[in-house]
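Remarks on the overall topology
The chain contents come next:
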Amino acid sequence: MYHSKRKDFEEGFLWGASTSAYQVEGAWNEDGKGPSVIDMGSYPEGTSDFKVASDHYHRYKEDIALFAEMGLKAYRFSIAWTRIYPQGTGEINPKGIAFYNDLINELLSHNIEPIVTMYHFDLPYALQEKGGWSNRETIDAYENYAKTLFKYFGDRVRYWLTINEQNMMILYGSAIGIVNPNVENPQKELYQQNHHMLLAQAKAINLCHEMCPNARIGPAPNICAVYPASSKPEDVLAAYNFSSIRNWLCLDAAVFGRYNSVAWSYMEEKGYTPTIQEGDMEILESAKPDFIAFNYYATSTVAESKNNTSDKNSIGDQQIAIGEPGIYHGVSNPYLEKTQFGWEIDPVGFRNTLRELNDRYNLPLLVTENGLGAYDRLEEGDVVNDDYRIEFLRKHIEQARLAITDGVNLIGYCPWSAIDLVSTHQGVSKRYGFIYVNRDEFDLKDLRRIRKKSFYWYKNVIKSNGQEL
Ligand code: BGP
């Protein structure tokens, strides 16, 4: 739709940026931190581990000073469960509490709103050894952990995110390391885990409302519009299939407390339906999120799955849909360019996604990730000319503004990432930050911080409240 006049970003719009604990902090075994599934995982050859990452644990003051200089109104980061409870449950680690207390206070002293992800892929390894999310006891462990976070930080944190990209953990479980390769039917196992995470999330939402009446809490999945490859009705049906499984399975449960019917029939067909205990659905129904946070990188385009054998089940990359026999077949979209890492670039798809979420759930929306992974080059004189990142973000912010004009209630935009960090499975060389961190895959160099061109650009975007792009 063409708009002759665009609405402005509202006053108080949460211009922010994001990171996650295991990708930025380092200090993987310091000050009492226990190991997580990420620490115990393996990494693709040629890519760094997460032991030092960007060394934010030791440099958070310097980093927050830079965020403040950039003018960030909000900073979305995650708390490492294993710093608070090294074994997932049991004794609290006071040094973990102290670290996040300091971090939150430092942000507040710069007037930066903390937006806290409670769990971002890094499940305590001690819980994983007891079955991880397949074990219902992990629900209790998460609830207890949530209670601790609300107790210690709830007086200052107003925005909470329950679980990062639960839907991607289920679709690509092997990439995140939560699926036990020895189980007979890993896919079924994952949908059982999904059910348990939904319960854990619902309990955390209720607890937050009880303990922190002034705070707001929501889920944080990865959501994207799914396009049919053509106007052929079977392609459209395939797009519905994939969207129901990828997007609406987790969000219908989080918002409405019910299973999406298409996703449920898919699980029935495949033999993946979870065991639901008495009272579970009541718990899901009782929890009402205050907003939906979501990560957006690219749209997906799918065609009809022509037969039941040739479409491989996709693994390994959260943004490239490959397909599933009898359900959908991922194709590349001829209208879109790709990043250096093969992810399609679709700013208009961002507007489509925002509209679809708004129509479906009628809740405030908060973008918690969006950005461009690229091989940046540090030039003479400590300069990084990342014009391609500026272009990517500019186009997405333009579309966000159009979506607001369409009537979407968008409350904030936190691109990935505030500072360079280690990619989930593609190392340090896939950079996203506004701030360059001087290290490479295996040589830590001096880890010094360097403002990229996009740093200055984003600073001005924030200063002009999105008027100057
Ligand atoms: C999301 C994750 C982030 C981050 C981002 C970029 O799925 O929530 O943790 O990693 O994707 O992905 P990647 O690092 O694979 O490029």
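Reading guide: rules and limits
Residues numbered from 1 in each chain as written. Predicted model: local features only at pLDDT ≥ 70, side-chain atom pairs only at ≥ 80, totals over all residues. Heavy atoms only, no water. Helix = DSSP H or I, 4+ residues; strand = E, 2+ residues; numbered from the N terminus. Rg over C-alpha atoms; globule rule 2.2 N^0.38 Å. Buried < 20%, exposed > 50% of the residue type's maximum accessible area, 1.4 Å probe, protein only. Contact = heavy atoms within 4.5 Å. Lys, Arg positive; Asp, Glu negative; His and termini not counted. Charge placed at Lys NZ, Arg CZ, Asp CG, Glu CD. Salt bridge = Lys/Arg side-chain N within 4 Å of Asp/Glu carboxyl O. Pairing = 2+ DSSP bridges. Axes fitted to C-alpha atoms, helices over the stretch in contact; angles between N-to-C directions. Near = heavy atom within 4 Å. Polar contact = N/O pair within 3.5 Å; in protein donor to acceptor, adjacent residues only side chain to side chain. Areas by Shrake-Rupley, 256 points an atom, 1.4 Å probe, with all protein chains shown as cover. Nonpolar A, V, L, I, M, F, W, Y, C, P; charged D, E, K, R; others polar. Disulfide = S-S within 2.5 Å. Parallel < 35°, antiparallel > 145°, perpendicular 65-115°, else oblique. Left-handed = near helix turned anticlockwise from the far one by under 90°. UniProt positions renumbered as here; feature names shortened; annotations may be inferred.

- By the naming in an unreviewed UniProt entry, the protein chain is Glycoside hydrolase family 1 protein, taken from Calorimonas adulescens.

What to know about the overall build of the protein chain
- Counting secondary structure elements, the protein chain contains 15 helices and 14 strands.
- What you see for the protein chain is a C-alpha radius of gyration of 21 Å, in line with the 23 Å of a compact globule of 469 residues.
- A total of 469 residues make up the protein chain; the buried ones form 60% of that total.
- Within the protein chain, residue pairs in contact and separated by at least 24 positions form 76% of the contacts whose partners lie at least 6 positions apart.
- A gap of 4 Å separates the mean positions of the 47 positive and 62 negative side-chain charges of the protein chain.

As for the pattern of salt bridges
- The final tally for this structure, using the stated rule, is 28 salt bridges.
- Across the salt bridge formed by Lys203 and Glu143, the nearest N and O atoms sit 4.0 Å from each other. Of this pair, Lys203 sits in helix α9 (residues 186-211) while Glu143 sits in helix α6 (residues 137-153), placing them 60 residues apart in sequence.
- For Glu143, a relative accessible area of 24% translates into the label partly exposed.

Thoughts on the sheet that holds strand β7 (residues 292-295)
- Taken in spatial order, the eight strands make up an open sheet running β5-β4-β3-β2-β1-β12-β11-β7, and their pairing is parallel. Edge positions in the open sheet fall to β5 (216-220) and β7, since each of these has one partner strand only. Each strand axis lies, on average, 30° off the axis of its neighbour in the sheet, ignoring direction.
- Where strand β2 (residues 74-78) lies against strand β3 (residues 113-117), five bridges are found, and the strand directions are parallel.

So, the site of the ligand
- Close to the ligand lie 16 residues, the nearest being Gln23, Glu165, Thr424, Lys430 and Tyr432.
- At 2.5 Å, a side-chain N or O of Glu165 approaches an oxygen atom of the ligand.
- A distance of 2.5 Å is found between an oxygen atom of the ligand and a side-chain nitrogen or oxygen belonging to Tyr432.
- For the ligand, the protein covers 100% of the area, taking 380 Å² as the surface of the free molecule.
- The class makeup of the residues in the shell around the ligand is five nonpolar, eight polar and three charged.

Overview of the sheet that holds strand β6 (residues 226-228)
- In spatial order, the strands read β6-β8-β10-β9; together these four strands make up an open sheet with mixed pairing. Where the open sheet ends on each side, the last strands, each with one partner, are β6 and β9 (323-324).
- Where β6 lies against strand β8 (residues 300-303), three bridges are found, and the strand directions are parallel. Pairing of Tyr227 across the sheet is with Thr301, part of β8.

Description of the state of the cysteines
- Counting across every chain of the model gives zero disulfides.
- Sulfur of Cys208: no disulfide; nearest cysteine sulfur belongs to Cys212 and is 4.8 Å away.

Let's talk about the packing of helix α4 (residues 94-109) against α6
- Look at α4 against α6: their axes get within 11 Å of each other, and the N-to-C directions meet at 50°. Looking at the two axes, α4 sits oblique to α6. For the element pair α4 and α6, the recorded crossing hand is right-handed. Along its contact with α4, which presents Ile97, Tyr100, Asn101 and Ile104, the element α6 presents Thr148, Tyr152 and Phe153.
- The residue inventory of the contact of α4 with α6, partitioned by class, reads five nonpolar, two polar and no charged.

Observations regarding the UniProt feature "active site" (unreviewed entry) in the protein chain
- Under the UniProt annotation, "active site" (unreviewed entry) lies at Glu369.
- Considering the arrangement of structural elements, one finds Glu369 in strand β11 (residues 365-369).
- Leave out the neighbours within four places in its chain, and Glu369 touches Ser18, Arg76, His120, Asn164, Glu165, Phe294, Asn295, Tyr296, Tyr297, Cys414 and Trp416.
- Separated by 3.1 Å, the side chains of Glu369 and Asn295 make a polar contact.

Brief notes about the pairing of β2
- Burial analysis of β2 places five of its five residues in the buried class, which makes it a mostly covered element.
- Burial along β2 is two-sided: Ala74, Arg76 and Ser78 and Tyr75 and Phe77, pointing in opposite directions, are all buried.
- With three bridges joining them, strand β1 (residues 14-18) and β2 adopt parallel strand pairing. Within β2, the residue paired with Gly16 across the bridge is Ala74.

Here we look at unusual backbone geometry
- That bond from Trp416 to Ser417 is cis: its omega, 5°, falls within 30 degrees of zero.
- Mapped onto the fold, Ser417 is located in the loop between β12 (410-413) and β13 (435-437).
- With phi around 55°, Asp55 is a residue other than glycine that occupies positive phi space.
- Given the relative accessible area of 11%, Asp55 is considered buried.
- Positive phi values are uncommon outside glycine, yet Glu165 reaches one of about 45°.
- With respect to the helices and strands, the residue Glu165 is situated in the loop between β4 (159-164) and α7 (166-171).
- Residue classification places Glu165 among the buried positions, given a relative accessible area of 4%.

Some details on the side chain of Ser454
- In this structure, Ser454 sits in helix α15 (residues 453-463).
- Overall, the relative accessible area of 0% leaves Ser454 in the buried class.

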